[in-house]
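Okay, here's what each chain looks like letter by letter:
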Amino acid sequence: MTTVVETSGSSGVPKRVILSDEAIQASTHAAIERLGGAGQWVLALPDHYIAGLNVIWRNEVSGAPLVRTEGAFTAEAFVEAVQSLEHERKYTSLVPTQLARLVDAAMLDRSFIGPVARLDRILLGGQRAPFGLIERAARLGWRITRTYGATETVGGCVWDGKPLRDVKVRLTDQIEISGPQLADGYDDPALTAQRFHTDGTGTRWYKTGDAGSLIGGTLQVSGRIDDVINSGGIKISLAAIEHVVQVFAPDAVVVAAPHPEWGEVPAVVTTLKPSLAEIRAAVANALGKPARPNHLVTVSVMPTTASGKPDRKRLARLVASRTQERRRRGLFH
C-alpha cells in the first residue's frame, strides 16, 4: 500500500509524493523511539500535509483519541486542547508562526504557560524559527525540539541536528538524506530521477535542495541552495539575511526584488515597522555591505500557505509590484 501526499509548494510548484507503508512505519517508530514512548497528540496542523499526517500516525500507536484544534490557530483553542489530553505522555507539532503566537499570548496571559508546559515535547518544523523564538519558549519551561525533513522523507527525520534511527545525512553540493523512511518518489518519473539517486554502494539518497554543514555530527541547515541571488555579480544568501533581520522583526521574510542596475536585491517583508537603516547596518556588519536589504515592505497580514509557512512566491510578487510602483513615483531608484 502507498499514500500520496502533496507538498506545500511554499518555495515552488506542489509535488505529489508517493510514500510506502514501510516508509511511514519506519518514520513513525523512529520518532516514537526518540520521544521515549508513544503518547497522545494535539493536531493543530492541516491533516493533508505531512506534518499533520505524522501527528495522526504517531498518535495511533498510543491508542489514545487524537485531539484536534478547530478553525484558525489561536492560543486559547490550543491551550484548551492541551488541557483535554489524558495520556501520561503528551505531544504536539507546530510551525514557528504558531509557537510565536503562543509565546506572545503567554507574555500577556501567564495562565497559558502551565498547560503548554504539560506537553512532554513540542516538535517545531516547517521552516527556520525566527531568531530567539526557541529560547523565549524554553524560558517558559516549554520543551521544544527542532525538526528537519521533507515530505519526501516522511517529514522531520533530523531532530535538533541529529538523525533519527537508521537515517543517514551527508553533504555533497547540498544536503542529502537516506534511510528506510525515503519516499518511493513522485508521480512524475523524470522528477523522481532528478531528486532521488542510488550510489555505488546501493544506498538510495534524496537530494533536499538545502545547503548546510555537519559540525561534530550535528546538521546545521543554512537555507535553500536556490535562495542565493546574484546582486551586481555578488552571490547573496537570502536565508542568512533573514536570520539577521529577524532580530528586529521576528516575522520578517526576505525575498528577492528586481533592480534595474543590480539585477536583484534583498527586500524585507514584515507586519512590523522596524528601522530599515538599523537593519541595513546590522546586515552589513554580519554579512557585508552587498547583503544589505534595499527596501522594506510592510503588510497588515503575512500571507501563508495552507501549511502555515510564509508564501514566498506570493511575497516576491508583492514586492516586485510595490517596488515597480514606487519607482514609477520616483521614490527610489
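Cut-offs and rules
Residues numbered from 1 in each chain as written. Predicted model: local features only at pLDDT ≥ 70, side-chain atom pairs only at ≥ 80, totals over all residues. Heavy atoms only, no water. Core = buried A, V, L, I, M, F, W, Y, C linked by side-chain atoms within 4.5 Å. Buried < 20%, exposed > 50% of the residue type's maximum accessible area, 1.4 Å probe, protein only. Helix = DSSP H or I, 4+ residues; strand = E, 2+ residues; numbered from the N terminus. Contact = heavy atoms within 4.5 Å. Pairing = 2+ DSSP bridges.

In the nomenclature of an unreviewed UniProt entry, the chain corresponds to O-succinylbenzoic acid--CoA ligase from the organism Agrococcus carbonis.

## Description of the nonpolar core
Formed by 37 residues in total, the largest nonpolar core has its most connected members in Leu19, Trp57, Val154, Val169 and Ile177. Listed by contribution, the elements that provide at least two residues to this core are strand E2 (16-20), helix H1 (21-35), strand E3 (40-43), helix H2 (50-62), strand E7 (144-150), strand E8 (155-159) and strand E11 (175-178). Other than its neighbours up to four places away in sequence, Trp57 contacts Leu19, Ile24, Thr28, Ile50 and Val154. Counting 29 residues, the second-largest nonpolar core is a separate cluster that includes Val67, Phe73, Leu85 and Ala106.

## Focus on the pairing of E2
Bridge analysis of strand E1 (residues 2-6) against E2 gives five bridges, and the strand direction is antiparallel. Looking at the pairing, Thr3 lines up with Leu19 of E2. Where E2 lies against strand E12 (residues 185-186), two bridges are found, and the strand directions are antiparallel. Bridging across to E12, Ile18 finds its partner in Gly185.

## Some remarks on unusual backbone geometry
Even without being a glycine, Val154 presents a positive backbone phi close to 55°. Topologically, Val154 is positioned in the loop between E7 and E8. Assessed through its relative accessible area of 0%, Val154 is described here as buried. Positive phi, close to 70°, is recorded for Asp166, a residue that is not glycine. Tracing the chain through its elements places Asp166 in the loop between strand E9 (162-163) and strand E10 (168-171).

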